[in-house]
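Descriptive structure summary
So you can see what is in the structure, the chains are spelled out below.
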Amino acid sequence: MSNPTPPVGPGLPDTQTLVTEPTQAPEHEGKKPKGGKPASLWTDAWYDLRRRPMFIVSMIIIFVLLVMSFWPSLFSSIDPFNARSCDLSTARQGPSPGHLFGRDNLGCDLYARTIYGARNSIIIGVFTTIVTTLIGSLLGIIAGYKGGAVDAVSSRFTEIFFAIPAILGALLIAATFRGKANSILLVITALGVLGWPMTYRIMRAAVITAKSQDFVVAARALGAGAGRIMFRHLLPNSLAPVIVVATINLGLFIAAEAALSFLGVGVLSPDISWGLMIADARNRFLEAPLPLVFPAAFLCVTVLAFIMMGDAVRDALDPKLR
C-alpha cells in the first residue's frame, strides 16, 4: 500500500519542490592573507605603511643615509682622514669643480667630511636607541607585571631620572669622563643612562593594560610561569608603542649627539660627526657660512626622516588613527 502524499498547508512551501541554494558570502569577507594565516596587527600595519607617502619618503632617505654611513667611499673619492687631502691655503673656499660643497676652515673637502660624518652620528643614534629600549622595556615589563612594591619602587627610581634634564645630565657625564674612554662610546653611555625612562613608562603602561586580558589569564590557568607570561605573551602585545617611541627617539638622539659635540664633550677629533663640524665652523659663520650650513642641513634632514617614520608607524599601529 503506497503512502499518501502529505498535505501542503497554507503558507507552507511544498517540501518536495523546495530547493535550498547556498548563500554566497561577499568576496571581501573571509579573505585570508597569502599562506592562509589570519591577519594580525603587524600585517595590517605593514599593509597600511606601504601606502603612506610619508613612510616611503622617510625610508628612502634613511636607506640612503645608511648606505652613506657604511660605504661612504661610494659617495666621495676623497678620504677626509688623509692629511694630504687638506690644503690650508684654500681654507673656506666656496664650491668649485671637484669640491662640491667647498672647503672648511682647515682647507679640507667639506663634501667628503659631511659624507663621512654621517657614520658616527647614525651609529650613536642607533646604539643609544638600542640601549634605552632594552633597559626601559626590561624594567617596564617587570614593573608592570609584578605591580605592588616592585612597581612603586621602580617608578620612584625612574622619577629621579625624569627630574634630570637629559642634555644637562649627559653633558655632566661626558665632561666628567672625557679622555678616559672612547668619545663615541662615552656619548652612547651618557645618552643611554638618561634616555630610558620614557620607554619604561610606555612599556609599563602597555603591560598593565595587557596583563588583564583573557590570554594572560588563560596562560596562568595552564600553569605558565612569570617569565613565560612576560616574554612570550605580554612582550609581543606591548611592543607597538615602544617601537613608535624608539623610531622617534633615534632622530632625537642624533640631534643630542650634535648638541654634545657642539659643546665640546661629544665626538672628538680626529673622528668626524656633523655636530663636531658645526662646532668647528661656528666661529667663522659670518665669514664662511657653508661649512656650518651643509652639515646642519644633513643633520636636520636625518632627524626629520626618523621622526616622519615614527609618526607613520604610530598612525599605522593605532587602529583609531586609520
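Everything that follows concerns the structure shown earlier in this document.
Read on for an overview of the structure. What you see is a predicted model; the values in this text were computed from it and never measured. Once a new chain begins, its residue numbering starts again from 1 and follows that chain's sequence as written. pLDDT decides what is reported in this predicted model: residues at 70 or higher carry local features, side-chain atom pairs at 80 or more are listed and counted, and totals for whole chains, interfaces and linings draw on all residues regardless. No hydrogens and no water enter the side-chain calculation; it runs on all heavy atoms of the structure.

1. Considering the environment of A118
In this description a helix means any DSSP run of H or I spanning at least four residues, a strand means any run of E spanning at least two, and both kinds are numbered starting from the N terminus. Here A118 lies in helix α3 (residues 110–146). Taking the C-alpha atoms as reference points, A118 and T302, 184 residues apart in sequence, are found 9.2 Å from one another. Any pair of residues with heavy atoms lying within 4.5 Å of one another is described as a contacting pair. Other than its neighbours up to four places away in sequence, A118 contacts M68, S69 and W274.

2. Points about the nonpolar core
Counting 34 residues, the largest nonpolar core has I254, L299 and V313 as the members making the most contacts within it. When residues in this core are grouped by element, the largest group, 11 residues, is from helix α11 (residues 290–317). For I254, the residues in contact, after removing those within four places along its chain, are S121, I122, G125, L299, T302, V303 and F306. Among buried residues, the Ala, Val, Leu, Ile, Met, Phe, Trp, Tyr and Cys ones that are joined through side-chain atoms within 4.5 Å form a nonpolar core. Relative accessible area decides the class of each residue, using a 1.4 Å probe on protein chains only: under 20% of the type maximum gives buried, over 50% gives exposed, and in between gives partly exposed. Membership of the second largest hydrophobic core comes to 19 residues, among which are A190, L191, L260 and V267.

3. Considering the packing of α3 against helix α10 (residues 274–281)
With axes taken as lines fitted to C-alpha atoms, and helix axes fitted only over the stretch in contact, angles between N-to-C directions fall between 0 and 180 degrees. With their axes 8 Å apart at the nearest point, α3 and α10 run at an angle of 135° to one another. Considered as vectors, α3 and α10 are oriented oblique to each other. Note on element contacts: α10 touches α3 through W274, M277 and D280, opposite L110, R113, T114, G117, A118 and S121. Three classes are used, and their members are as follows: Ala, Val, Leu, Ile, Met, Phe, Trp, Tyr, Cys and Pro are nonpolar, Asp, Glu, Lys and Arg are charged, and the others, Gly among them, are polar. Its residues assigned to classes, the contact of α3 with α10 comprises four nonpolar, three polar and two charged. Angles are sorted into four bins: roughly parallel if under 35 degrees, roughly antiparallel if over 145, roughly perpendicular if 65 to 115, and oblique for all others.

4. What to know about the state of the cysteines
In plain terms, two cysteine sulfur atoms within 2.5 Å form what is called a disulfide here. If you walk through the whole model with that rule in mind, you get one disulfide. A disulfide bridge connects C86 with C108, and the sulfur atoms are separated by 1.9 Å. Here the disulfide of C86 and C108 is right-handed, its torsion about the S-S bond being about 105°. Residue C86 is located in the loop between α2 (53–70) and α3, and its partner C108 is located in the loop between α2 and α3; the two are separated by 22 residues in the primary sequence.

5. Concerning unusual backbone geometry
Positive phi outside glycine occurs at R92, with the angle close to 65°. Take R92: it is sitting in the loop between α2 and α3. Classification of R92 as partly exposed rests on a relative accessible area of 27%.

6. Looking at the packing of aromatic side chains
Classification of ring pairs rests on two measures: the distance between centres of Phe, Tyr or Trp rings, Trp counted by its six-membered ring, which must be within 6.5 Å, and the angle between planes, read as stacked under 30 degrees, edge-to-face over 60 and tilted in between. As enumerated under the stated definition, the model contains 10 aromatic pairs in all. With a centroid separation of 5.2 Å and 85° between ring planes, the pair formed by F101 and Y111 is classed as edge-to-face. With a gap of 10 residues between them, F101 in the loop between α2 and α3 and Y111 in helix α3 connect regions that are remote in the sequence. As far as burial versus exposure is concerned, F101 and Y111 are alike and both buried. Seen in terms of ring centroids, W274 and F298 are 6.1 Å apart; in terms of plane orientation they differ by 55°. Their pairing is tilted. Within this pair, whereas W274 is found in helix α10, its partner F298 is found in helix α11, the two being separated by 24 residues in sequence. By relative accessible area, which is 0% here, W274 ends up buried. Feature note: the residues F101, Y111, W274, F294 and F298 constitute an aromatic cluster, connected by ring pairs. It is R282 that lies over the ring of F262; its NZ or CZ is 5.1 Å from the centre. We call a charge positioned above a ring when the Lys NZ or Arg CZ atom is no farther than 6 Å from the ring centre and deviates by at most 35 degrees from the ring normal.

7. Comments concerning the environment of G125
With respect to the secondary-structure elements, G125 resides in helix α3. You can call G125 buried: its relative accessible area is 0%. Each C-alpha atom, one on G125 and one on L191, is 9.4 Å from the other, the two residues being 66 residues apart in sequence. Among all residues touching G125, those that are not within four sequence positions of it are L250, F253 and I254.

8. Considering the side chain of T90
Note on placement: T90 falls in the loop between α2 and α3. A polar contact is formed between the side chain of T90 and the side chain of R103, at a distance of 3.1 Å. Setting aside its immediate chain neighbours within four residues, T90 contacts R103 and G107. A 3.5 Å cut-off defines polar contacts: any pair of N or O atoms within that distance qualifies, except that in protein one atom must be a possible hydrogen donor and the other a possible acceptor, and neighbouring residues in sequence count only when both atoms are side-chain atoms.

9. A closer look at the packing of α3 against helix α7 (residues 197–210)
Each pair of packed helices can be summarised by the angle the axes make with each other and by the distance between the axes. Closest axis-to-axis distance for the α3/α7 pair is 7 Å, and the angle between their directions is 35°. The crossing of α3 and α7 is right-handed. Taken together, the residues of α7 that come into contact with α3 (itself represented by T132, T133, G136, S137, L139, G140, I141, A143, G144 and Y145) are T199, Y200, M203, R204, V207 and I208. Split by residue class, the contact of α3 with α7 holds eight nonpolar, seven polar and one charged. Crossings are classed by handedness, with left-handed meaning an anticlockwise turn of the near helix from the far one by less than a right angle and right-handed meaning a clockwise turn.

10. Examining helix α4 (residues 148–162)
With 15 residues, α4 extends 21 Å between its outermost C-alpha atoms, agreeing within 8% with the 21 Å of an ideal straight helix rising 1.5 Å per residue. Residues of α4 that are buried make contact with α3, α6 (183–195) and α7. Expected span of a helix, by definition, is 1.5 Å for each gap between consecutive residues, and there is one gap fewer than residues.

11. Notes on the side chain of S238
Within the secondary structure, S238 sits in helix α9 (residues 226–262). Among the polar contacts made by the side chain of S238, one reaches the main-chain carbonyl oxygen of L234 at a distance of 2.8 Å.

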